[in-house]
Amino acid sequence: MAVCVAVIGKDNSPKYILCLNPNQELQFHYRVHTSLDVVEEKLKATGDRDVRELYIGQLYSTEEHKIFGYVTNTRIKFIVVVESSNTSLRDNEVRMMFRNLHSAYTDVVCNPFYIPGDPITSKNFDNTVRRIMSGN
């Protein structure tokens, strides 16, 4: 389903990035960081209104990939990259991926041994992300 999942901190520093193909990791880092500009534009467009919708939607697409975004209330950004050839992927499936990712992230942050701002190294979080990427 997804080929890359990233968790980006409120200061736009990567907290976690996982790609299916390690040979394309640099390419996905670039795509994730360029999508942050689109996320910031969409956040500025909403202004200071109380926005309950955390799902931003499709940020942009290329010939090979579609990039989707999600921002938590604490300004943590989740970026998911899927292949453009996956035409059976519906919007509610992408939303469900983000909900599962947000739930796993919440579990990591609630761990008393996690220091906020540090990269995410939790094995449970990694397993959840791999399950999301495989489509299960």
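Residues numbered from 1 in each chain as written. Predicted model: local features only at pLDDT ≥ 70, side-chain atom pairs only at ≥ 80, totals over all residues. Heavy atoms only, no water.

Going by the annotation in an unreviewed UniProt entry, the name recorded for the protein chain is Trafficking protein particle complex subunit 2-like protein, with Ladona fulva given as the source organism. According to the UniProt record, the Subcellular location (unreviewed entry) comment for the protein chain reads "Cytoplasm, Perinuclear region". A UniProt comment under Sequence similarities (unreviewed entry) is attached to the protein chain, and it reads "Belongs to the TRAPP small subunits family. Sedlin subfamily." (UniProt positions renumbered as here; feature names shortened; annotations may be inferred.)

K.L.:
For this particular structure, what's the right way to read the layout of surface pockets?
P.N.:
Rolling a probe over the atoms, with the probe sized like a water molecule, indicates the empty space that remains. Space inside the second largest pocket adds up to approximately 240 Å³. Along its surface, the second largest pocket is lined by 13 residues, and Val108, Asn111, Tyr114, Thr121 and Ser122 are the ones closest to its centre. Broken down by secondary-structure element, the contributors of at least two residues to the lining of the second largest pocket are α2 (91-109) and α3 (123-134). Looking at the lining of the second largest pocket residue by residue, the class counts come to six nonpolar, five polar and two charged. (1 Å grid on protein atoms, 1.4 Å probe; cavity = no way out; pocket = protein on both sides within 12 Å on 5 of 7 lines; lining within 4 Å. Points joined across faces, edges and corners; volume = space filled by probe spheres on them. Helix = DSSP H or I, 4+ residues; strand = E, 2+ residues; numbered from the N terminus. Nonpolar A, V, L, I, M, F, W, Y, C, P; charged D, E, K, R; others polar.)

K.L.:
Can you walk me through the sheet that holds strand β4 (residues 65-71) in this structure?
P.N.:
Within a sheet, each strand pairs with its neighbour through backbone hydrogen bonds, oriented either parallel or antiparallel. Reading across the sheet, the five strands line up as β2-β1-β5-β4-β3 and stay open at both edges, with antiparallel pairing between neighbours. Both edges of this open sheet fall to β2 (14-19) and β3 (55-61), since each of them pairs with a single strand only. Averaged over all adjacent pairs, the angle separating strand axes in this sheet is 15°, with direction ignored. Summarising the sheet, β3 and β4 pair through five bridges and their orientation is antiparallel. Residue pairing for β4: Tyr55 is matched across the bridge by Tyr70. Here α2 sits on the sheet and contacts β1 (2-8), β3, β4 and β5 (77-83); the angle it forms with β5, its principal contact strand, is near 140°. On top of the sheet, α3 reaches β1 and β2; it is set at about 45° to β2, its chief contact. (Pairing = 2+ DSSP bridges. Axes fitted to C-alpha atoms, helices over the stretch in contact; angles between N-to-C directions. Contact = heavy atoms within 4.5 Å.)

K.L.:
In this structure, what is going on with unusual backbone geometry? I would like to understand it.
P.N.:
What is expected of a backbone is that most residues other than glycine have negative phi and most peptide bonds are trans. Positive phi is not limited to glycine here, since Asn12 has a value of about 65°. One can find Asn12 in the loop between β1 and β2. Overall, Asn12 belongs to the partly exposed group, its relative accessible area being 29%. Even without glycine at this site, Arg75 takes up a positive phi of about 70°. When you line up the elements, Arg75 lands in the loop between β4 and β5. (Buried < 20%, exposed > 50% of the residue type's maximum accessible area, 1.4 Å probe, protein only.)

K.L.:
Looking at this structure, how should I read the environment of Val38?
P.N.:
Within the secondary structure layout, Val38 lies in helix α1 (residues 25-46). Taking the relative accessible area as the measure of exposure, Val38 reaches 18% and is therefore buried. Between the C-alpha atoms of Val38 and Gln58, which are 20 residues apart in sequence, the distance is 9.8 Å.

K.L.:
What exactly am I supposed to notice about the packing of α2 against α3 here?
P.N.:
Each pair of packed helices can be described by the angle between their axes along with the distance between the axes. The interhelical angle for the contact between α2 and α3, taken along N-to-C directions, is 175°, at an axis separation of 10 Å. One way to sum up the angle between α2 and α3 is to call them roughly antiparallel. Of the residues in α3, those in contact with Met97, Asn100, Leu101, Ala104, Tyr105 and Val108 of α2 are Phe125, Thr128, Val129 and Ile132. (Parallel < 35°, antiparallel > 145°, perpendicular 65-115°, else oblique.)

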